[in-house]
Structures are given as C-alpha cells and as structure tokens.
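# Structural features, examined
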Amino acid sequence: MNAKSRLGKKFNRKRRRRSIMAFEMIRLDRNASEPLHQQLYRQIRDELVSASVNDSTSRLPSSRVLAADLGISRLTVNLAFSKLTTEGYLHARIGSGTFVAQPLPEAYLSARKPKLDRQLEHPVRLSNRVRDIPDKRVGRDFDLGIAGAPGVSFVPAVTALDEFPIEIWERLRAEVLAKKGAHLLQYASSRGDPDLRKAIAAYSCDYRGARCHPDQIIITAGTQQAMMIAATALVNRGEVAWIEDPGFYQARRAFLFAGATVVPRPIDREGIVIAHRSKQAPPKIIYVTPSHQFPLGMTMSLARRAALIDFARERDAYIFEDDHNSEFRFTGPPLPCLQGLDNSGRVIYAGTMSKILYPSLRIGYLLAPEQLVDPMIKIRAVMDQHSPAIDQATLARFMTEGHFLSHIKRMRKLYSDRRDFFVEQFNSLLKKHFVLQIPEAGLHFVAWLRRKKDLPIITRVCADVGIRPSPLSSCFMKAELQPALTFGFAAWSRAQIREGLMKFASALDAKLK
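In what follows, the accompanying structure is described. Note that the structure is predicted; figures quoted are calculated from it, not measured.

### A short note on the overall build of the protein chain
In terms of helices and strands, the protein chain carries 16 helices and 14 strands. The 513 residues of the protein chain split such that 46% are buried.

### What to know about the sheet that holds strand E11 (residues 434-437)
As summarised here, the arrangement of the 4 strands in space is E11-E12-E14-E13, forming an open sheet in which the pairing is antiparallel. Only two strands of the sheet have a single neighbouring strand rather than two, namely E11 and strand E13 (470-471). Both E13 and strand E14 (residues 484-488) contribute to a ladder of 2 bridges, which runs antiparallel. Opposite Pro471, over in E14, you have Leu485 as the bridge partner.

### A closer look at the packing of aromatic side chains
With the rule as written, the count across this model stands at 27 aromatic pairs. A centroid spacing of 5.7 Å and a plane angle of 25° characterise the contact between Tyr203 and Tyr207, whose relative ring orientation is stacked. Of this pair, Tyr203 and Tyr207 both sit in helix H8 (residues 194-208), 4 residues apart, roughly one helical turn. Between Phe248 and Phe294, the ring centres sit 5.5 Å apart and the planes meet at 80°, which makes this aromatic pair edge-to-face. Of the two residues, Phe248 is situated in the loop between strand E4 (240-245) and helix H10 (249-257) and Phe294 in the loop between strand E7 (285-288) and helix H11 (302-314); the sequence distance between them amounts to 46 residues. Owing to a relative accessible area of 22%, Phe248 belongs among the partly exposed residues under this scheme. For Phe294, a relative accessible area of 14% gives the class buried.

### A few points about the environment of Ala368
Along the chain, Ala368 falls in the loop between strand E10 (364-367) and helix H12 (370-383). Separated by 19 residues in sequence, Ala368 and Tyr349 have C-alpha atoms that sit 6.6 Å apart.

### Here's the deal with the sheet that holds strand E6 (residues 271-272)
Ordered by their spatial adjacency, 8 strands build an open sheet running E3-E10-E9-E8-E7-E4-E5-E6, and the pairing between neighbours is mixed. Of all the strands in the sheet, just strand E3 (217-220) and E6 have a single pairing partner and so form its edges. Direction of pairing for E7 relative to strand E8 (residues 318-322): parallel, over a ladder of 4 bridges. Counterpart to Tyr287 in the pairing with E8 is Phe320. H12 contacts E3, E8, strand E9 (347-352) and E10 of the sheet and is inclined by roughly 20° relative to E3.

### Some thoughts on the packing of helix H15 (residues 455-465) against helix H16 (residues 494-511)
Where H15 meets H16, the axes come as close as 10 Å, and the angle between the chain directions of the two elements is 135°. By the angle class used here, H15 and H16 are oblique. Considering the relative orientation of H15 and H16, their crossing is right-handed. Counting all contacts with H15, which are made through Ile457, Ile458, Val461, Cys462 and Val465, the residues of H16 involved are Lys503, Phe504, Ala507, Leu508 and Lys511. Per-class residue counts for the contact of H15 with H16 are 8 nonpolar, no polar and 2 charged.

### Re unusual backbone geometry
Residue Pro246 is bonded to the preceding Asp245 through a cis peptide linkage, with omega at 0°. Of note, Pro246 is situated in the loop between E4 and H10. Phi at Arg362 is positive, roughly 55°, even though this residue is not glycine. Along the chain, Arg362 turns up in the loop between E9 and E10.

### Quick notes on the pattern of salt bridges
This model, assessed by the stated rule, comprises 20 salt bridges. Of the charged contacts, one joins Asp268 and Arg304 as a salt bridge, the two residues approaching to 3.0 Å between their closest N and O atoms. Highlighted residues: Asp268 in strand E5 (residues 261-268) and Arg304 in helix H11, separated in sequence by 36 residues. For Asp268, a relative accessible area of 30% gives the class partly exposed. Here Asp316 and Arg346 are joined by a salt bridge, their closest N and O atoms 3.0 Å apart. Of this pair, Asp316 sits in the loop between H11 and E8 while Arg346 is found in the loop between E8 and E9, placing the two residues 30 residues apart along the sequence. Residues participating in the shared-partner salt-bridge network are Arg171, Glu175, Arg397 and Glu401.

### Thoughts on H16
For H16, spanning 18 residues, the distance from its first C-alpha to its last is 26 Å, which sits close to the expected 26 Å at 1.5 Å a residue. When we look at burial in H16, the residues that qualify are Ile497, Gly500, Leu501, Phe504, Ala505 and Leu508. Angularly, the buried residues of H16 cover 125° about the axis, an arc narrow enough to put them on a single face.

The rules behind the values
Position numbers for residues count from 1 along each chain, tracking the sequence in the order it is written. In keeping with the predicted nature of the model, local features appear solely for residues at pLDDT of at least 70, side-chain atom pairs appear and are counted solely at 80 or more, and the whole-chain, interface and lining totals rest on all residues. Side-chain numbers here rest on the full set of heavy atoms in the structure, without hydrogens or water. Helix numbers and strand numbers start at the N terminus; a helix is a DSSP run of H or I with at least 4 residues, a strand a run of E with at least 2. Relative accessibility decides the category of a residue: with a 1.4 Å probe and only protein chains considered, values under 20% of the type maximum give buried, values over 50% give exposed, and everything between is partly exposed. At least two DSSP bridges between two strands are required for those strands to pair. Any two of the Phe, Tyr and Trp rings considered here, Trp counted by its six-membered ring, make a pair once their centres fall within 6.5 Å; the pair's planes then place it as stacked at under 30 degrees, edge-to-face at over 60, or tilted in between. Contacts: residue pairs with any heavy atoms within 4.5 Å of one another. To obtain each axis, a line is fitted to C-alpha atoms, and for helices this fit is confined to the stretch in contact; angles are then taken between N-to-C directions over 0 to 180 degrees. Note on angle classes: values under 35 degrees are labelled roughly parallel, values over 145 roughly antiparallel, values of 65 to 115 roughly perpendicular, and the remainder oblique. Here a crossing is taken to be left-handed if its near helix is turned anticlockwise relative to the far helix by less than a right angle, and right-handed if that turn runs clockwise. Residue polarity follows a fixed list, in which Ala, Val, Leu, Ile, Met, Phe, Trp, Tyr, Cys and Pro are nonpolar, Asp, Glu, Lys and Arg are charged, and the others, Gly among them, are polar. Just to be clear on terms, a salt bridge is a Lys or Arg side-chain nitrogen sitting within 4 Å of an Asp or Glu carboxyl oxygen. Residue count minus one, scaled by 1.5 Å, sets the expected span of a helix. Each direction from the helix axis to a C-beta atom contributes to the arc, which is the arc of those directions.

This is the structure:
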C-alpha cells in the first residue's frame, strides 16, 4: 500500500470516528412499544437540532457501521435515514455518503417548541443593568460588527482597511515573537506593554499636545472599555454623568451600564453647553469629543475648553476626553488636546487605534491623572486582565520605527482626496434632496434633509439600494434637530463612491418625482 493510500485510510478512519462520536449518546430500548427505527430517527433528529453542524464536517457513519455499533440491522438504520432524508434533515451523495442538510428544515422549530414554551413560562430574570442598555439588537443582529456586511454602504464607522500595511505589520509581529518568544504567550501586565506605553506617551506629547509620562498610560481594549473603566472608577450607581446631545451612542450605553444617571447636555457652535447654575445634581464625569464633536463635527473653542476645565475643578468632577478622529483633520494642523490645557488633573484622555490602524486590533489607551492610575489599573485587571501581548509588542515596534506616523500621513492624504470627491459627487447628484455639512475633520458628513416629509421614503430607498448611512436621530437623547443622515466616505474608492451615490440618487429621484 502506498503512502497516499495509507494517508487516505487514516483520514477516513478519523472522519468516521468523528462522525460516530456525534451519536454516542443514542440509547435504543428494545422493550419499548416505539419501533427501533423510530427511536433511532427521533434521537438522530434531536441530535442534529441541538448540535452545531455544517455541511463540510457533518458526514454521518455508514448504515453498516452504525448498525454494527448499535447492534441492530442495517434495515433499521436505513429506515431511520430514509425518514430523515424525506424530511430534509439529511441528503445522500452517491459515492460519498450521507450528510447533514444545510440549512436544516423549518420542522426543527416544532421539535424545539415544547422546550421554548417551558422557558417562556419562567422567563429569565435579568438585572436592571442589562434591561437598561439602549440596544435593540437580537439574535443574528449580533453576527456582524457595527460596520455591517461588506459593500458600498457609506456606514460612518468604516475606514480603508485594504490600505493597511499588513506586510510590515506581519514582519514586525514575526520579529517580536522571535525575540521574546514564549514570554509573549504569558499573562501580561494590566497596565500594558512598557514599550507601547512609552511610544504612546511620546506620540501624545509630541503630536497631540498632551502632558504626561508613560506611567500615566493604561492600555485598554478600545475607547468603549476606557469609558467603562473611568465610569466604574468615579461614578456610584445613580450619580450623574453628562454626555453631549447629540452625541456618541456608545458613550450613553457605557455610562448607563456602569449605573450612572446619564444627563444629556446640548451642543452649540463652541461645543458642550455648561450649566453653571442648575438645581440638578452636579456631574461626576463629563464626556466630550472636543477635537471633532461626534456627530456634528464642530471643534470646541479654546474659551469653552478653559471654562469646562474650570467647571470640573469647581464641581469636583472629571472630564472624559474622547479624542475622536483628531488625526484626520483636513484644514490646518491637528489641534492640541484638552488634556494639555489641564493644570488640575481633571481630564482623562482616551485614544484608540481603531480608526488609525484597524478596529479588530482592539487596542486603545487611557491617559489618566496620576491619582486615578492605580484605581483604573485595578479595574482593568478585573475586567479582562490585559490586551493581547503579541499585538501590543507589535504595535510598539510599529510606532517606534516610524510606520505609525507614516501611515497616518498617507491615510490623511487618501481620505482628503476621497472626502473632496464625495462632496463633489454628492452635491452634483443629491443637492436637491440634502444640504451637505462639511466639517474640518472626521470621516463622515452630516446630510440634512431639505424636506422633513421625505425621511420615510429616503429611509426605504437606502434599504432598497443597499446603503446604510446612519440616521442622525440615533445620536439624540433630548435634542430636537432637523432630520439628517450621516454618510461615511473613507472606506471606498472614487469609482465606488460615484457608483454608490449615482445608484442612490437615481432611486431617490424615481421615488421623489
């Protein structure tokens, strides 16, 4: 027997063992009134319904093998297989065997219904914390990330990931693994990789105008976790957190989940409006996006920044500065961060690599006032210990060798070109329906509807043509603004932008004649 034949037989034995294992729990009662083939049919069906199976790995044992294992005749097995095939649970491939059908038939719902009914009689008791999360997704809604399915969707959160220098990243990753080896596979520091903290501190001071040292940097799993850490450290249940309104919906979710009483604060042309005289309880934490307000896009004025810091100091509050899209400013240099103006240790600065590099990296950072560093590290340790050590070490090399700044510079140029082209095409094709607001920074536009009554039709057309701009109203708490949509532009080429907008405009013109 040649090596290929031996390998094939070995593979078939492994596949057979894997298939047989799926039915190890089958028990046939020869004294029962129910026929053996019916017992076998029912138990295989229940196994298929409860198990996670797919067509590529769901080959069943042959009738001969299963009959031998269960001590029954092949006729009994074939009767059960035949019934399962007729009902759509199995399908046979000539010369290959019998496989689980994909997808399973609707009949499986009826097989599970009694169990579901019993669950509904005693609904799961959930905490108020879970029930209060303003998130309406269920079931398969969670299968995709916030960017949704691939395609020209104009979702605001998507960046040009195909432009990421993956070859450089993988080379650096291989080098750090070769140098540090098994050390990177161990549990890591809850504070973060020391080289990465040093690199982030240098970048924050040199390019964002921050004032800090590496010991103030805490590596997080993105900005949202940074919000949770800050809220957990500072806010007791029921205490007040201010957020911008309209504002970042994930901030509202995070502070609510932490138990805060979220109070929306209006926005004007200078940023968040400060209530100096209010009968309400003062805030313990104030969430702002001063460099590029999300979603409206204005930059907080210097006077408002100074007033906000003074307010926080007087009220014994902290400011959470989300430095949203500060790297992608297209008119003039990036503005210094709010933290760099703070002389009283009241600003918690947060940044992320999601928009600069790629979101699934899940690395962000906190620049914490010194008095909050240890408490925040303790909270990070409770949450999930640390971010992946290999990715942290790779990012540290990516930054210290200059690739990080080069990537930002290259992406800023690319996004500037796509931004200008989007404005040109949008105004050419859709000016009759929208007024496009053009901010100084960021990776999305707000398009205000010219006629409020058109919103339902525009929403349907978006769904019909497969684009997913976000309704501005998803960012509202109490704000009452005119209807608008937020369009992303960063992830798509000129050709894709033109094609997507032309398709949208054509469908919209047909509906709004």
